[in-house]
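This is what each chain is made of:
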Amino acid sequence: MPKDDAGRFFKQLPKHPFNHHTGPVDIKENDMPQPINSQLRSVISWFDTHVQAEKESAQSDREKWVWPIPFVLLNLSVLLVFVVGWSWVAIGVAAFFYALRMFAITGFYHRYFSHRTYKTSRWFQFVLAFLGNSAAQRGPLWWAAHHRHHHRFSDQPEDIHSPKQRGFWNSHLLWWSRRKNVATRLDLVPDLAKYPELMFLDRFDSLAPISVAITTAVLGGVLHRYFPGLGTNALQMFIWGFVVSTVVLFHGVATINSLSHVYGSRRFQTTDTSRNNFLLALITLGEGWHNNHHHYCNSTRQGFFWWEIDITFYGLKMLSWLGLVRDLKPVPARLLTREAPGAVITGKLRPHEVVPNHESPARAEPVLQGLPRLSAGGALSRSGALPHSAALPHFAALRSPDLPQA
Ligand SMILES: [Zn+2]
Ligand SMILES: [Zn+2]
C-alpha cells in the first residue's frame, strides 16, 4: 500500500479519544456507539479492545466472567497435547515461537516501548510492535502503560500486580483476567499514542496472535502433506506451536511480576521488593535481573555484569550491528564500581552493605523539566506540581527528540 494510502486508511478508522493539542482524553468520554448488553460488549472486546467496559461498580458479573474466557480456554487447551501426540518438529516450532516472542516481549515491549532504552526507525518500530503483539499479551500501548504504572507505584497499594500487596496468584495471572484492566491508559503512553499504526495494533490486538496460530496450522498441514515422515499435522502443530508456546510464554513472562518480586537476591535497596534471580533470567532471556532493573531502568542491558546472562541484550546488540536499532543506552559506570556513589556490593549482602537507591526520584527530576506533568490521578497537565512518585527516570524518555517521526 502506498504511504499516503496507508495514512488515509488508518485515519479513516473510528477515532480513539486522543486529542493532539491537549493530550489523551479519558477513555470513558469516548462517544463510540455502545453494544447492546454487557456480555456482548465483553465478547466484542476480545477483538476490539477499545470497546469500553462499564464502570467497575456497574459491571455485571457476566461481563466480568466473559472477558477471561479465551485466556482460560487457551490454558486448558494445553491438555490437548495428549490427544494430538507429539513430534520433534512440533516441539522445535514451539521452542522457536517461545524464544522469538519472549525476545519480542522483553526486547521490544519492555526495553523499547516501555522504557525507550534505544532508538529505531518508524517502520522497524512497527515490526517490533507486531512481534511483541504476536505473543498474545495485549497491544504495545496497553503493555507499556501497565508497565510504566508498575514502575511508578511498584509494590505500593496502587500496583495492580504486586505480590506484596495482593498475593501471588493475583500478581501472576488474576490481575490480567480482570475486565476492568482491559482499557489502555493512554495518559501513560502519550509518546506512543501519536502513531496511528501502533494505535491500530493496540486496538485490534488479537490480529497478530491469530496470524501466528494460522501460520502454525498451515505449516503443520504443509509438512504433513510433503514430509509425512516428520509425523506432524496441522492440529498437532497448532497445539504445540501456538497453544503450548503461548501459554508457557505467558507464565514465563508473568514470573517477573510474581516470583521476581519474591525469590532472589537484592543488590540495590530499592523501594520495592524486586530481586535478581538467575533462573528467571534464563527463562525470560534476561528479565530476571529485576532488582538491577528497578534500580536503574534506563539502560538497555539488565544484567549489569558479564556473568549476569542477558540474552535479550545480546540479541539487541546484534540488531544494532545490522543497523536496525541504534543508540543502546549503557549501564552508567557509577553502578559498576564498588567505590563510586551507588556502588555495587556483590556476593551475599550484609545489612550494612545494602546499597541505597541512588537513582532516586530527586536525582531524576531535573531531566523531567519540559515534560507534560502527570497528576496524581494520572491525567496530563502542563502545569502544577509533579508528584514525587511520577518522577521516575523512564519518563525522561518521553521528551526524546529522536523518536521516529510521526
Ligand atoms: Zn517489578
Ligand atoms: Zn521495566
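If you're wondering where the values come from, they're calculated on a predicted model, not measured in any experiment.

Visitor: Describe in detail the overall build of the protein, supporting the description with residues and values.
Guide: Within the protein, the regular secondary structure consists of 18 helices and eight strands. A burial count over the protein gives 40% of its 406 residues as buried. Put simply, 66% of the contacts in the protein that link residues at least 6 apart link residues at least 24 apart.

Visitor: Outline helix H14 (residues 234-257), supporting the account with residue identities and numerical values.
Guide: Relative to the 34 Å expected for 24 residues at 1.5 Å per residue, H14 spans 34 Å between its end C-alpha atoms, a close match to the ideal helical length. Along its length, H14 shows its largest kink, about 25°, at Val 244.

Visitor: Pulling in residues and values, what's your account of the nonpolar core?
Guide: Residues Leu 141, Ala 144, Val 189 and Leu 192 are the most contacted members of the largest nonpolar core, which totals 57 residues. Examining the composition of this core, we find that 14 residues originate from one element, helix H6 (residues 88-114), more than from any other. When residues no more than four places from it in sequence are discounted, the contact partners of Ala 144 are Tyr 109, Phe 113, Ser 114, Val 189 and Leu 192.

Visitor: With reference to specific residues and values, describe the environment of Pro 140.
Guide: Assignment of secondary structure puts Pro 140 in helix H8 (residues 140-153). Look at Pro 140 and you get buried, because 31 C-beta atoms sit within 10 Å. Put simply, Pro 140 and Ala 129 are eleven residues apart on the chain and 5.9 Å apart in space, counted from C-alpha to C-alpha. With residues up to four places along the chain from it excluded, the contact list for Pro 140 reads Tyr 109, Phe 113, Ala 129, Gly 132, Asn 133, Leu 192, Leu 198, Leu 201 and Asp 202.

Visitor: Lay out the environment of Tyr 109 with the relevant residues and their values.
Guide: Within the secondary structure layout, Tyr 109 lies in helix H6. C-alpha separation for the pair Tyr 109 and Phe 130, spaced 21 residues apart in sequence, amounts to 9.9 Å. If we ignore the near neighbours within four places in the chain, the residues touching Tyr 109 are Ala 104, Ser 114, Gly 132, Pro 140, Trp 143 and Ala 144.

Visitor: Talk me through helix H17 (residues 311-321); I want residue IDs and the actual numbers.
Guide: The set of residues buried in H17 consists of Thr 312, Phe 313 and Leu 316. Looking straight down H17, one finds that the buried residues subtend no more than 95° of arc, so they occupy a single side. In H17, those exposed residues whose orientation departs by more than 90 degrees from the buried face are Met 318 and Trp 321. Each element contacted by the buried residues of H17 is listed here: H6 and strand S5 (325-326). Looking one or two residues beyond H17, the residue adopting positive phi is Gly 323, at roughly 85°.

Visitor: Just give me the short version of the environment of Val 93, but keep the residues and values in it.
Guide: Position of Val 93 among the secondary structure elements: in helix H6. Sequence-wise, Val 93 and Leu 219 are 126 residues apart; in three dimensions their C-alpha atoms are separated by 9.6 Å. In this structure Val 93 touches Thr 216, Leu 219, Met 237, Trp 240 and Gly 241, once residues within four positions along its chain are discounted.

Visitor: I'd like to hear about the packing of H6 against H8, residue by residue, with values.
Guide: Where H6 contacts H8, the axes come no closer than 9 Å and their chain directions differ by 65°. As far as their axial angle goes, H8 and H6 are roughly perpendicular. As for how H6 packs across H8, the hand of that crossing is right-handed. Facing Tyr 109, His 110, Phe 113 and Ser 114 of H6, the residues of H8 in contact are Pro 140, Trp 143, Ala 144, His 147 and Arg 148. Partitioned by chemical class, the residues of the contact of H6 with H8 number five nonpolar, three polar and one charged.

Visitor: Explain unusual backbone geometry to me, and be specific about the residues and the numbers.
Guide: One non-glycine residue, Ala 136, lies in the positive phi region at around 65°. Along the chain, Ala 136 falls in the loop between helix H7 (122-133) and H8. On the basis of neighbour count, Ala 136 is assigned to the buried category, with 22 C-beta atoms found within 10 Å. Here Asp 155, not a glycine, exhibits a phi torsion of approximately 65°, which is positive. Examined against the element boundaries, Asp 155 turns out to sit in the loop between H8 and helix H9 (163-166).

Visitor: Run through the packing of H8 against helix H12 (residues 196-203), naming residues and quoting values.
Guide: The geometry of H8 relative to H12 is characterised by a closest axis approach of 7 Å and an angle of 85° between their N-to-C directions. One way to sum up the angle between H8 and H12 is to call them roughly perpendicular. Contacts between H8 and H12 involve Pro 140, Leu 141 and Trp 142 on the former and, on the latter, Leu 198, Leu 201 and Asp 202. Looking at the contact of H8 with H12 residue by residue, the classes come out as five nonpolar, no polar and one charged.

Visitor: Which residues make up the confidence of the model for the protein, and what values do they have?
Guide: Looking at the protein, the pLDDT average stands at 78 and 71% of residues meet or exceed 70. When pLDDT is averaged over each element of the protein, H17 comes out on top at 98 and strand S8 (residues 380-381) at the bottom at 32. Per-residue pLDDT stays below 50 along residues 27-35; that stretch engages in 13 contacts with residues further than four places along the chain or on separate chains.

The rules behind these values
Residues numbered from 1 in each chain as written. Chains lettered and ligands numbered in written order. Predicted model: local features only at pLDDT ≥ 70, side-chain atom pairs only at ≥ 80, totals over all residues. Helix = DSSP H or I, 4+ residues; strand = E, 2+ residues; numbered from the N terminus. Buried ≥ 20, exposed ≤ 12 C-beta atoms within 10 Å, placed from the backbone. Contact = placed C-beta atoms within 7 Å. Expected span 1.5 Å × (residues − 1). Bend = angle between axes of the 7 residues up to and from the residue. Core = buried A, V, L, I, M, F, W, Y, C linked by C-beta atoms within 7 Å. Arc of directions from axis to C-beta. Axes fitted to C-alpha atoms, helices over the stretch in contact; angles between N-to-C directions. Parallel < 35°, antiparallel > 145°, perpendicular 65-115°, else oblique. Left-handed = near helix turned anticlockwise from the far one by under 90°. Nonpolar A, V, L, I, M, F, W, Y, C, P; charged D, E, K, R; others polar. pLDDT = per-residue confidence, 0-100.

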